[in-house]
Amino acid sequence: MAAKILDGKKMSEALRLQISERVAALKQQGITPGLAVILVGNDPASEIYVRNKEKGCAETGIFSTTIHMSGETSQQELEDQIQALNADERFHGILVQLPLPAHLDERKALEKILPEKDVDGFHPVNAGQLLNGHPGVVACTPKGALYMIHQTGIDLTGKEAVVVGRSNIVGKPMAMLLLQENCTVTLCHSRTINLAEHTRRADILVAAVGKAGLIRGDMIKPGAVVIDVGINRIDGKVRGDVAFDEAEQVASWITPVPGGVGRMTITMLLQNTLEAAERSVHAE
Ligand code: NAD
């Protein structure tokens with residue numbers, strides 16, 4: 001039987017309605033959630049992502065500003081801009097669009113964002129809180145992926161979860177979130193020996209690699225929940241890390257690409273911005 005689809009578009013629409021309602025409630029208290037996005041240089045893919053973030057903000061009533069900085073911006077100029085936004089009460093969330101031009105130090109820049117305004121969840125304080133089992137701001141992509149897993153209604157306790165990919169922005173936080181859900185977690189990566197041996201054990205399989213079709217049908221346990229984070233552009237088409245046609249014959253639930261996890265990432269950014277604004281009320 002073909003797997004059921006975890007539809008990121010539908011889930012996002014429903015979530016954005018809820019976010020809009022919470023934004024409206026905050027506005028009644030005199031607070032408009034605000035997001036500042038810093039975009040350095042003219043990377044076309046980044047410009048599209050930033051436009052989609054602006055659209056999401058407009059749709060839910062979140063105030064947003066994009067600060068375009070030239071591709072020649074110095075580290076100091078970038079950090080000064082971040083500090084200015086840290087001090088600007090209109091913004092509850094600050095996001096530096098990645099990747100930055102090669103001459104800039106990404107890690108140093110991200111560390112300058114106040115942890116409570118770090119709506120991407122990349123600051124070491126937020127990453128550390130997740131590791132300690134007391135999540136603060138959680139990175140948008142794994143947060144969205146976990147939300148989708150929850151929509152299956154499956155009790156995660158004791159389940160075998162296998163995450164393929166160990167990046168700081170997806171793989172590692174995803175593994176931590178699944179551990180928090182009491183899964184038994186395996187984290188695979190480019191040096192893993194016999195990947196299929198691991199993936200075949202997975203009740204929950206998350207692929208976050210960046211290699212189109214890496215996960216084949218025969219690498220999936222029958223009945224598994226398959227979450228495909230990969231975004232690969234092949235001949236003008238967007239494809240995931242999972243060979244969808246094969247996987248949907250084996251899995252119980254699966255996310256499509258496009259229309260799966262990618263859809264949820266920006267929605268989670270909106271949610272993180274809203275939650276940062278809500279926390280600012282309680283902090284007063
Ligand atoms: P990354 O390049 O930082 O990390 C890739 C990981 O895959 C590495 O940890 C590497 O060890 C592992 N890997 C590489 N080859 C492998 C192999 N043959 N077997 C097992 N592991 C292997 O990438 P990332 O930033 O984590 O992104 C991963 C994918 O997810 C990309 O396609 C990216 O475009 C996509 N992505 C999607 C969203 C979204 O919103 N859906 C967000 C972020 C990233």
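Placed above this text is the structure.
Rules of the game
- Residues numbered from 1 in each chain as written.
- Predicted model: local features only at pLDDT ≥ 70, side-chain atom pairs only at ≥ 80, totals over all residues.
- Heavy atoms only, no water.
- Core = buried A, V, L, I, M, F, W, Y, C linked by side-chain atoms within 4.5 Å.
- Buried < 20%, exposed > 50% of the residue type's maximum accessible area, 1.4 Å probe, protein only.
- Helix = DSSP H or I, 4+ residues; strand = E, 2+ residues; numbered from the N terminus.
- Contact = heavy atoms within 4.5 Å.
- Near = heavy atom within 4 Å.
- Polar contact = N/O pair within 3.5 Å; in protein donor to acceptor, adjacent residues only side chain to side chain.
- Areas by Shrake-Rupley, 256 points an atom, 1.4 Å probe, with all protein chains shown as cover.
- Nonpolar A, V, L, I, M, F, W, Y, C, P; charged D, E, K, R; others polar.
- Axes fitted to C-alpha atoms, helices over the stretch in contact; angles between N-to-C directions.
- Parallel < 35°, antiparallel > 145°, perpendicular 65-115°, else oblique.
- Pairing = 2+ DSSP bridges.

Counting 48 residues, the largest nonpolar core has Leu35, Ile149, Met174, Leu178, Ile204, Val206 and Ile227 as its most contacted members. At 10 residues, helix α10 (residues 261-283) tops the list of elements feeding residues into this core. Non-local contacts of valine 206, meaning those with residues more than four positions away in its chain, are made with Ile149, Val162, Val163, Val164, Met174, Leu178, Ile227 and Val229. Grouped together as the second largest cluster of nonpolar side chains are 18 residues, Ala196, Val242, Ala247 and Ala251 included.

As a further point, take the site of the ligand. Arg166, Ser167, Ser190, Ile231 and Thr265 are the nearest of the 22 residues found near the ligand. Here threonine 265 contributes a side-chain N or O atom positioned 2.7 Å from an oxygen atom of the ligand. Here the ligand has 860 Å² of accessible area as a free molecule, and 72% of this is covered by the chains. Sort the elements by how many residues they give to the shell around the ligand and α10 lands first, with 3 residues. Of the residues belonging to the shell around the ligand, the class tally is 10 nonpolar, 10 polar and 2 charged.

It is at 8 Å that the axes of helix α6 (residues 140-150) and α10 come closest, and there the two elements cross at 110°. For the element pair α6 / α10, the angle class is roughly perpendicular. On α10, the residues touching Cys140, Thr141, Lys143, Gly144, Tyr147 and Met148 of α6 are Val261, Met264, Thr265, Met268, Leu269, Gln271, Asn272 and Glu275. Broken down by class, the residue content of the contact of α6 with α10 amounts to 7 nonpolar, 5 polar and 2 charged.

Overall, parallel pairing links the 6 strands, which are arranged β1-β11-β8-β7-β5-β6 in an open sheet. On the outer flanks of this sheet lie β1 (4-5) and β6 (184-188), each paired with one strand and no other. Bridging between strand β7 (residues 204-207) and strand β8 (residues 225-228) involves 4 bridges; their strand directions are parallel. Bridging across to β8, isoleucine 204 finds its partner in valine 225.

Taking strand neighbours across the sheet as the criterion, the 3 strands line up as β3-β2-β4 in an open arrangement whose pairing is parallel. Both edges of this open sheet fall to β3 (63-69) and β4 (93-96), since each of them pairs with a single strand only. Averaged over all pairs of adjacent strands, the angle between strand axes in this sheet comes to 15°, irrespective of strand direction. Inspection of the sheet shows strand β2 (residues 34-40) paired to β4 by 4 bridges, in the parallel sense. If you follow alanine 36 over to β4, its bridge partner there is isoleucine 94. In the packing of helix α2 (residues 44-60) onto the sheet, the strands contacted are β2, β3 and β4, and the crossing angle to β2 comes to about 170°.

Glancing now at the environment of isoleucine 254. Summarising the element assignment, isoleucine 254 is placed in strand β11 (residues 253-254). As a C-alpha pair, isoleucine 254 and methionine 1 span 253 residues in sequence and 13 Å in three-dimensional space. Dropping the residues within four chain positions of it, isoleucine 254 is found in contact with Ala3, Lys4, Ile5, Leu6, Val226, Val242, Phe244, Ala247 and Glu248.

Scope: geometric values only; no functional claims are made or implied.
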